[in-house]
Structures are given as C-alpha cells and as structure tokens.
Amino acid sequence: MVTGFGTRRAALRQRLRDGGLDGLLVTDLVNVRYLTGFTGSNAALLVGAGGEDGTVFCTDGRYLTQAAGQVPDLERVDGRASDLTLAERIDADRLGRVGFESHRVTVEQFDELTGRAGEAVGWQRAPGLVEALRAIKDGDEVAALRAACAAADHALAELIEAGGLRPGRTEREVALDLESRMREHGADGPSFETIVATGANSAEPHHRPTSATLRRGDLVKIDFGALAAGYHSDMTRTMVLGEPAGWQREIYELVARAQAAGRAALRPGAHLRDVDAAAREVIADAGYAEQFPHGLGHGVGLEIHEEPRLAATADGELAAGMAVTVEPGVYLPGRGGVRIEDILMVRDGEPELLTTTTKALLSV
Ligand code: ZN
Ligand code: ZN
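Model, not experiment: these values are computed from the prediction.

Participant: Can you walk me through the nonpolar core in this structure?
Facilitator: Within soluble globular proteins, side chains that are nonpolar generally end up buried alongside one another. Formed by 35 residues in total, the largest nonpolar core has its most connected members in Leu12, Leu16, Leu24, Val26, Leu45 and Phe57. Listed by contribution, the elements that provide at least two residues to this core are helix 1 (4–18), strand 1 (23–26), helix 2 (29–36), strand 2 (44–48), helix 6 (129–134), helix 7 (139–161) and strand 18 (342–345). Excluding residues that lie within four positions of it along the chain, valine 26 makes contacts with Asn31, Val32, Leu35, Ala44, Leu45, Val47, Glu101 and Val130.

Participant: Honestly, the coordination of the zinc ion (ligand 2) in this entry has me stumped. Any pointers?
Facilitator: Note on metal geometry: ideal angles are 109.5 degrees for four donors arranged tetrahedrally and 90 or 180 degrees for six donors arranged octahedrally. Surrounding the zinc ion (ligand 2) are the protein donor atoms Asp234 (OD), His298 (NE2), Glu327 (OE) and Glu341 (OE), which sit 2.1 to 2.2 Å from the metal. Of note, the donors binding the zinc ion (ligand 2) are all from one chain and are spaced D-x63-H-x28-E-x13-E. The metal-metal distance between the zinc ion (ligand 2) and the zinc ion (ligand 1) is 3.2 Å, with aspartate 234 coordinating both. Of this pair, aspartate 234 sits in the loop between strand 11 (231–232) and strand 12 (235–240) while glutamate 341 sits in the loop between strand 17 (336–339) and strand 18, and the two are 107 residues apart along the sequence. The exposure class assigned to aspartate 234 is buried, which follows from its relative accessible area of 3%. Using a relative accessible area of 0% as the deciding quantity, one classes glutamate 341 as buried.

Participant: Just to check I follow, could you spell out the coordination of the zinc ion (ligand 1) for this structure?
Facilitator: Surrounding the zinc ion (ligand 1) are the protein donor atoms Asp223 (OD), Asp223 (OD), Asp234 (OD) and Glu341 (OE), at 2.0 to 2.6 Å. Around the zinc ion (ligand 1) sit 4 donor atoms; with metal-centred angles ranging over 55 to 149°, the donor geometry is irregular. For the zinc ion (ligand 1), the single-chain donor residues occur in sequence as D-x10-D-x106-E. According to the relative accessible area criterion, aspartate 223 is buried, its value standing at 2%.

Participant: Would you explain the packing of helix 1 against helix 2 in this entry?
Facilitator: Packed helices, taken two at a time, are described by the angle between their axes plus the distance between the axes. It is at 6 Å that the axes of helix 1 and helix 2 come closest, and there the two elements cross at 115°. Between helix 1, through Phe5, Arg8, Arg9 and Leu12, and helix 2, the contact on the second element is made entirely by Arg33, Tyr34, Leu35 and Thr36. A breakdown of the residues in the contact of helix 1 with helix 2 according to their chemical character gives 4 nonpolar, 1 polar and 3 charged.

Participant: I'm lost on the packing of helix 7 against helix 8 (residues 171–184) in this one. Help?
Facilitator: Where helix 7 meets helix 8, the closest approach of the two axes is 8 Å, and the angle between their N-to-C directions is 130°. Taken together, helix 7 and helix 8 sit at an angle that is classed as oblique. Along this stretch, helix 7 crosses helix 8, giving a crossing that reads as right-handed. Residues Ala151, Ala152, Ala155, Leu156, Glu158 and Leu159 of helix 7 lie in contact with helix 8, whose contacting residues are Val174, Asp177, Leu178, Arg181, Met182 and Glu184. Its residues placed into classes, the contact of helix 7 with helix 8 shows 8 nonpolar, no polar and 4 charged.

Rules used in this analysis
- Residues numbered from 1 in each chain as written.
- Chains lettered and ligands numbered in written order.
- Predicted model: local features only at pLDDT ≥ 70, side-chain atom pairs only at ≥ 80, totals over all residues.
- Heavy atoms only, no water.
- Core = buried A, V, L, I, M, F, W, Y, C linked by side-chain atoms within 4.5 Å.
- Buried < 20%, exposed > 50% of the residue type's maximum accessible area, 1.4 Å probe, protein only.
- Helix = DSSP H or I, 4+ residues; strand = E, 2+ residues; numbered from the N terminus.
- Contact = heavy atoms within 4.5 Å.
- Donors = N, O, S within 2.8 Å, 3.2 Å for Na, K, Ca; no water.
- Tetrahedral: all angles 85-135°; square planar, octahedral: opposite > 155°, others 65-115°.
- Axes fitted to C-alpha atoms, helices over the stretch in contact; angles between N-to-C directions.
- Nonpolar A, V, L, I, M, F, W, Y, C, P; charged D, E, K, R; others polar.
- Parallel < 35°, antiparallel > 145°, perpendicular 65-115°, else oblique.
- Left-handed = near helix turned anticlockwise from the far one by under 90°.

If you want it as structure tokens, here you go:
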C-alpha cells in the first residue's frame, strides 16, 4: 500500500543509500510521526534502506491498538524502551551500517543502544536527515498548515469584531478569548503559549500574558497560532487601542516595510542570511538596528520552530516547498514594540501567503 507516509519513507531511503547507510534508527518522536503518522507519546522506527520489508515500528502496550490503526502498513513490535527494543532487532547481516539521530540521542542512550545491538553493527552519526526532508512540505502538510492559519485568521477577526480588544481587559483574558475562538474554528488548541502584550509590555519580544490591562493609546502585540492535525500556525499582528500616536505609526510603517522586504526576498535559491539581511537593512537604515534583536524567521510545521532558520548566522538556501515565517520587529523599552509576522510557502514564482489577516495598522 502506497501512502503519503510510505512516500516519505521512500525519500528517506534514497538519502540513506546516498549516505552509504543500510538503515536509520529514528528515535525523535516528531520524526517518527512524520514518517508513520503515529501520534502517541512513545515510539521508535527502524528504517531499512532496502524497503518496507526490514522497516520496523515499535511502541508500548498503551498504544498497540492506536498503532494498528495509524501504522497499519509496517511490522509493529511491543517494547517500553522502544529504541532499545529496535536496537536488539538489528540484523547486522542486513544492516551493517546503521545511522542514529546523534543530535537527539544522549551519550547514555547511545551506550545502551550499542550494548543491545551487538558488536557487528557499525553505528554512524546521522543528524538531521529527517528534519531536512521535513523542511520541504508535501501536499498534505500544506493543507494542514493552511487549515491552522485559517483558524487563527478567523479567530482574530472575530475577536476584533466582538470588541474583544478593549480598554480594561487583561492580557490573560484576551489570550484566553483568542484561544477558545481558535478551537471553535477547528483548532486542537494553541500552537504555543499565546502572547498578548499591551503598552510597554509590547517592547518585550516574548512576553507572557499578565493581569496588565489594555489602555487607550496602547500598542497591543498579539503573537499566536493554532494547532491543526499536528501542524502549527504562527502569526503576529500589532494594533493600537484608539488613534495611533506619531511614533507608533512611524515604527509600525518601518516594520511593515521591513516585513515586505523580507517577503519579497523569499525565493528558491536565496541564501538564508540574505533573506534576513533584506529585512534587517530596512530597520538598520532607519537607525533601529539595536531594536531588532532576533532572527527574521523560522521554518514551521510539525514543530513551531524547525528548519530552516532565517537569521544573520544561518547557512543554507531556501527551496520551493519550504514554509517559513517572516517576523521583523522594533522594540522600544518602556514605550512599546511592533512585530508583524506571516507564514509563507516558498514557491517557484511568488511566495504563497498563508496568514491572510490585514497588515494595515488597525485601530481597535
Ligand atoms: Zn510568532
Ligand atoms: Zn514565529
């Protein structure tokens, strides 16, 4: 049976063969989910480079029924320490060189793995193999990202429409309101802890909602996302309660220009650090370089932060099919800050915008 997950495993096998590996022991749970569809909290997967035969999935007794439904097309075995159970299953005649996720496995775990597998197995560090595949989204993943972004767009529109951003409400109340509206629009929950930051709090790039109340004249920065079918959305909008002051309009327009420059730089083959620079230069030219203290963006998918990173120190290039955020900000301590963030799909032509809430400065 060919499934989307089978296609992903086939792509991984090609990478294994290219790298001279006979197999890969996948122990990162998100990577296991990507390759099998399994959503439980304990599993590992041994992928044989030769084919589905020789590929074995392991979870423990709590999840055997679930696994029979979610992973019907692979051999399944039962083991509480799923990585060690699979290590014991490695047939060194067939799988001589086995990769392991050295960016995830601790030194202690590695000692246990090698102890269980037998001396004939040649372990090879294989960091980031599945993550590199995950960076390029397939059709099912793009559909899930679209649904997650739409839930967030609808929830924010309703919140504003209902007067949910009004003086006297606390940051916590607004965050809770937004999260429940996302659930009403089909989200399984928020994709990370919702950031609602009002007034001077908006100058903190990552602020936890408090009992601070929204006041007329405040900048209100909201960074939030919905989780749908395991996929995360991520969007930031900054609004003003009432009429914007001159300085608020000024930094808003600056960040909006930087964000547009970052979006325009999204094309296959672009160096990651050049995309960051395209937006950062706009802010630096206006004299606010120090007030933009984080990277421009990140990949997003089964995890809220994944490959690629758009930052001044990032190595690598964009490719068609990547889903990335573009989120410059300017933060003025004691006064307030503005960030504008979208998710876009990198395409051969224009990038596709997944978060569609307006970026005009809204006074609410
Ligand atoms: Zn965000
Ligand atoms: Zn983000």
